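Notes for the structure review
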Amino acid sequence: MLTLAEVCEELADSRSTFYDWRAGRRAPRCIKLPNGLRPTTRGSHGHACG
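Residues numbered from 1 in each chain as written. Predicted model: local features only at pLDDT ≥ 70, side-chain atom pairs only at ≥ 80, totals over all residues. Heavy atoms only, no water.

What about the overall build of the protein?
As a reminder of what qualifies: Secondary structure follows DSSP: runs of H or I at least 4 residues long count as helices, runs of E at least 2 residues long count as strands, and numbering of each begins at the N terminus. Throughout, exposure labels follow a simple rule: accessible area from a 1.4 Å probe, protein chains only, divided by the maximum for the residue type, with under 20% read as buried, over 50% as exposed, and the rest as partly exposed. The contact criterion used is simple: two residues touch if any of their non-hydrogen atoms lie within 4.5 Å. What sets the accessible areas is the Shrake-Rupley method with a 1.4 Å probe; for residues, cover comes only from the shown protein chains.
Across its full length, the protein holds two helices and two strands. Counted from the first residue to the last, the protein has its helices and strands arranged as α-α-β-β. Per-residue burial for the protein yields a buried fraction of 28% across its 50 residues. Considering only residue pairs separated by 6 or more positions, the protein has 35% of its internal contacts joining residues 24 or more positions apart. Accessible area for the protein stands at about 3,600 Å²; split by element, carbon and sulfur atoms hold 49% of it.

What follows is the structure, given as structure tokens:
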């Protein structure tokens, strides 16, 4: 599993952009953990780039 920072780094986008994607339901799938949200896997964020 990747952290939000790792996903943003790989996609070369900011954290605020990621949250905008989440609001529009275009973000990678996430799992809500007790310490916050974590995107699931590298493969799950391929559709967010398109």
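Moving on, there is more to tell.
Description of the confidence of the model for the protein
Should the pLDDT be low somewhere, the predicted coordinates at that spot are not to be read in detail. Definition in use: A score from 0 to 100, pLDDT tells how confident the predictor is in each residue.
Per-residue confidence for the protein gives a mean pLDDT of 77, with 74% of residues at or over 70. Considering each helix and strand of the protein separately, the mean pLDDT is smallest for strand β2 (residues 36-39), with a value of 70, and largest for helix α2 (residues 15-23), with 89.

Points about the nonpolar core
Side chains of nonpolar character tend, in soluble globular proteins, to be buried together. Put simply, the test is: Each nonpolar core is a collection of buried residues, namely Ala, Val, Leu, Ile, Met, Phe, Trp, Tyr and Cys, held together in the definition by side-chain atoms within 4.5 Å.
Counting eight residues, the largest nonpolar core consists of Leu-2, Leu-4, Val-7, Cys-8, Leu-11, Phe-18, Trp-21 and Ala-27. Only α1 (4-11) and α2 provide two or more residues apiece to this core. Element by element, the count of residues in this core is highest for α1, at four residues. Each residue touching Cys-8, except ones within four places of it in the same chain, is listed here: Asp-13, Ser-14, Arg-15 and Phe-18.

What about the packing of α1 against α2?
Any two packed helices are characterised by how steeply their axes cross, that is the angle between the axes, and by the distance between the axes. Formally: Axis angles are defined between N-to-C directions and span 0 to 180 degrees, where every axis is a line fitted to C-alpha atoms and, for a helix, only to the segment in contact. By the definition adopted for this analysis, an angle is roughly parallel if under 35 degrees, roughly antiparallel if over 145, roughly perpendicular if from 65 to 115, and oblique otherwise. Three categories are distinguished: nonpolar for Ala, Val, Leu, Ile, Met, Phe, Trp, Tyr, Cys and Pro, charged for Asp, Glu, Lys and Arg, and polar for the others, with Gly belonging to the last.
Here α1 crosses α2 at 100°, and the two axes come no closer than 9 Å. Viewed along their axes, α1 and α2 adopt a mutual orientation that is roughly perpendicular. Of the residues in α2, those touching α1 at Leu-4, Ala-5, Val-7, Cys-8 and Leu-11 are Arg-15, Phe-18, Tyr-19 and Trp-21. Classifying every residue of the contact of α1 with α2 gives eight nonpolar, no polar and one charged.

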